[in-house]
Amino acid sequence: MRIGELAAAVGVTTRTVRHYHHLGLLPEPERLGNGYRDYTLRHAVVLARIRRLTELGLGLAEVRDVLAEDAGKDLVEVLAELDEDLARQEAAIRERRARLKVLLEAEELPAEAPVSAELAALFRQQADPDSPMAAKDREILALIDTGAPPEVRERMAAALSGALGSPEAAARAQEAYALLDALVDAAPDDPRVAEAARTLAGVIPRGMLPQDAPVEADHSFLRAFLADFAPAQAAAIRQALALLGRPA
């Protein structure tokens, strides 16, 4: 058989056959006097098995293990590992679909979506969704929600829920946002900075600032965080952290 006939018989492309030759999965036949390779039934059998194994989801390195005479793994072991990997993928897909279901059933999605269901619920409680400072707050919370481990996300959600869970707390948060928004064009030594800092310190949940976190690690993040604010706003945030015992 020529390479095109072999490929057609197994249902693959000639490029795939050449790729398998290059990887050493499929032995190359000797060339005839006219320069063409002469494939045998044995080549078709091996190529068909490679196709069946790859359709199961095996990688080509795993296929090599199965095909090798001195295989480090037998087929049962490789298939068992594949089954475990597929189970993990299934679990991940179920989790993603559950998150999508929550998003699709929500009456209104936050601008930062997708975020966790817990954070989305907290955003809906936010006192002043139109405040520029509130928008920055949501961005930072979404950042933490994305990169933090589950236990940190749970602690953050619990702390924020407690801080925004009453009309009084929501009113204090709205006041803090308004004071910080008013500092957007102010100088860092503006007298309003101190008032904004005191108000902000009164609404920051204590659970958001774990005392066991290394201050050095916080500083690099805080520098990047504060650089996104106007000078007077950054000064107020620094003073608020100092009032909470976490100088920045």
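You'll find the structure just up there.
Residues numbered from 1 in each chain as written. Predicted model: local features only at pLDDT ≥ 70, side-chain atom pairs only at ≥ 80, totals over all residues. Heavy atoms only, no water.

A closer look at the packing of aromatic side chains
Inclusion rule: Any two of the Phe, Tyr and Trp rings considered here, Trp counted by its six-membered ring, make a pair once their centres fall within 6.5 Å; the pair's planes then place it as stacked at under 30 degrees, edge-to-face at over 60, or tilted in between. For a ring to carry a charge above it, either NZ of a lysine or CZ of an arginine must fall within 6 Å of the ring centroid while also lying within 35 degrees of the normal to the ring plane.
Following the criterion strictly, the structure yields 0 aromatic pairs and no others. In this structure, Arg2 packs its charged tip against the face of Tyr36, placed 4.0 Å from the ring centre. Positioned above the aromatic ring of Phe229, the side-chain terminus of Lys136 is 5.3 Å from the ring centre.

Some remarks on the side chain of His21
Short version of the rule: Helix and strand assignments come from DSSP, with helices taken as H or I runs of at least 4 residues and strands as E runs of at least 2, each series counted from the N terminus. The criterion used for residue contact is that any of the two residues' heavy atoms lie within 4.5 Å.
With respect to the helices and strands, His21 occurs in helix α2 (residues 14-23). Among all residues touching His21, those that are not within four sequence positions of it are Leu26, Pro27, Glu28, Pro29 and Tyr39.

Thoughts on the environment of Gln174
Note the cut-off: Only protein chains enter the accessibility calculation, which uses a 1.4 Å probe; a residue is then buried when its area is under 20% of its type maximum, exposed when over 50%, and partly exposed in between.
Among the structural elements, Gln174 can be located in helix α9 (residues 167-181). The partly exposed category is assigned to Gln174, whose relative accessible area is 37%. Along the backbone, Gln174 and Val203 are 29 residues apart, and their C-alpha atoms lie at a distance of 9.7 Å.

Concerning α9
Quick note on the threshold: Helix span, expected: 1.5 Å multiplied by one less than the number of residues in the helix.
The terminal C-alpha atoms of α9, which comprises 15 residues, lie 21 Å apart, in line with the 21 Å expected from a rise of 1.5 Å per residue. Listed as buried for α9 are Ala169, Ala170, Ala173, Ala176, Tyr177, Leu179, Leu180 and Asp181.

Looking at the pattern of salt bridges
Pairing between side chains of opposite charge can happen when the charged atoms of each approach one another. In plain terms, the rule: Should a side-chain nitrogen of Lys or Arg be within 4 Å of a carboxyl oxygen of Asp or Glu, the pair is scored as a salt bridge.
Under the definition given, this model contains 5 salt bridges. Close ionic contact of Arg88 with Asp85 constitutes a salt bridge, the shortest N to O distance being 3.5 Å. Taken as a pair, Arg88 and Asp85 lie in helix α5 (residues 75-105) at a separation of 3 residues, close to a single helical turn. Look at Arg88 and you get exposed, because its relative accessible area is 52%. Accessibility expressed as a relative area gives 30% for Asp85, which makes it partly exposed. A salt bridge links Lys136 to Asp228, with the shortest nitrogen-to-oxygen separation between them at 3.0 Å. Of the two residues, Lys136 sits in helix α7 (residues 132-147) while Asp228 sits in the loop between α11 (215-226) and α12 (231-243), which places them 92 residues apart along the sequence.

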